[in-house]
Amino acid sequence: MEETDLELRRRTYALFVEHGRAPAAGELGDADEVVGGWRRLAAEHALVLNPGTDELRMLNPFSVVPTAYRVHAGGRWWYGNCAWDAVGICAALHTDGRIETSCPDCGERLAVEVRDERVDDESLLFHVLVPAAHWWDDIVFT
Amino acid sequence: MNLFRSEEHIARWLGGREPGATITAAKLADLAVAWWGDRLAPDWRPHIREENQAILERVGLTGEFWALA
């Protein structure tokens, strides 16, 4: 991966974390060049773009779009792509946080506090449906 | 990749689909810290497959299901 693409990724994440929203390509430089860099980063699984629009979809572990996993951390609400990413947002920000979601089966509200890299309700279960070898076949489904 | 209250909820949600893998929320926390902890580091570089596989193994996730592509 080229250093220029790594720098683009760093600036993309920095703006996202600073403002709590995904930057448009034009905020980071020449839009065509930025989109080209994002495409190369997406090919390396360093971020995820919306197919067809080249807008940011995931800055893993953050989701750019609303999901079932809301995370309050660092004084702001975020969305995680899944439960793993929701806990990962606290890990990436190196801060405590609160995850709010609901049981996919019954809809019961589930809230988890993350303190010092631990979750307060360790009786909850995390289910991974897709085997690891196929996670990137369809990362949005995974 | 979802959170559930119990195995019964997972089974109902699967509705006959082949189950994947289930781990505790405690292990999920270990996994999340190891996997995502460096994501905002200024010197972050993409993990190669072997690095990611090592993270999974370090938190006890081994076997065919957890073998990365």
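Residues numbered from 1 in each chain as written. Chains lettered and ligands numbered in written order. Predicted model: local features only at pLDDT ≥ 70, side-chain atom pairs only at ≥ 80, totals over all residues.

Once that is clear, we can look at the packing of helix H1 (residues 3-19) of chain A against helix H2 (residues 31-43) of chain A. Residue and element names in this part refer to chain A. The contact between H1 and H2 brings their axes to 10 Å, and the two run at 100°. When the interaxial angle is binned, H1 and H2 end up roughly perpendicular. In contact with Asp5, Leu8 and Arg9 of H1, H2 contributes Val34, Gly37, Arg40 and Leu41. By residue class, the composition of the contact of H1 with H2 is three nonpolar, one polar and three charged. (Axes fitted to C-alpha atoms, helices over the stretch in contact; angles between N-to-C directions. Helix = DSSP H or I, 4+ residues; strand = E, 2+ residues; numbered from the N terminus. Parallel < 35°, antiparallel > 145°, perpendicular 65-115°, else oblique. Contact = placed C-beta atoms within 7 Å. Nonpolar A, V, L, I, M, F, W, Y, C, P; charged D, E, K, R; others polar.)

Time to look at the confidence of the model for chain B. The share of residues in chain B with pLDDT of 70 or more is 100%, and the mean pLDDT across the chain is 95. The ipTM, which scores confidence in the relative placement of chains, is 0.95 for this predicted complex, and the corresponding pTM is 0.94. (pLDDT = per-residue confidence, 0-100.)

Listed as interface residues are 36 residues of chain B and, on the opposing side, 41 residues of chain A. Broken down by element, the residue count for the side of chain B that touches chain A peaks at nine residues, all from helix H2 (residues 25-36) of chain B. Class assignment of the residues belonging to the side of chain B that touches chain A gives a composition of 24 nonpolar, seven polar and five charged. Looking at chain direction, strand S9 (residues 125-128) of chain A and strand S2 (residues 21-24) of chain B are connected through four bridges and run antiparallel. Within S2(B), the position partnered with A:Phe126 by the bridge is B:Ile23. (Pairing = 2+ DSSP bridges.)

Turning our eyes to something else, we now look at the sheet that holds S9(A). Two strands in a sheet stick together by hydrogen bonds in their backbones, pointing the same way (parallel) or opposite ways (antiparallel). Read across the open sheet, the three strands follow the order S1(B)-S9(A)-S2(B); overall the sheet is antiparallel. Lying at the two open borders of the sheet, with one neighbouring strand each, are strand S1 (2-4) and S2 of chain B. In this sheet, adjacent strand axes meet at a mean angle of 35° when their direction is disregarded. Here S9(A) pairs with S1(B) via three bridges, running antiparallel. Across the sheet, residue A:His127 finds its bridge partner in S1(B), namely B:Asn2. Helix-sheet contacts for H2(B) involve S9 of chain A together with S1 and S2 of chain B, and the interaxial angle to S2(B) is about 90°.

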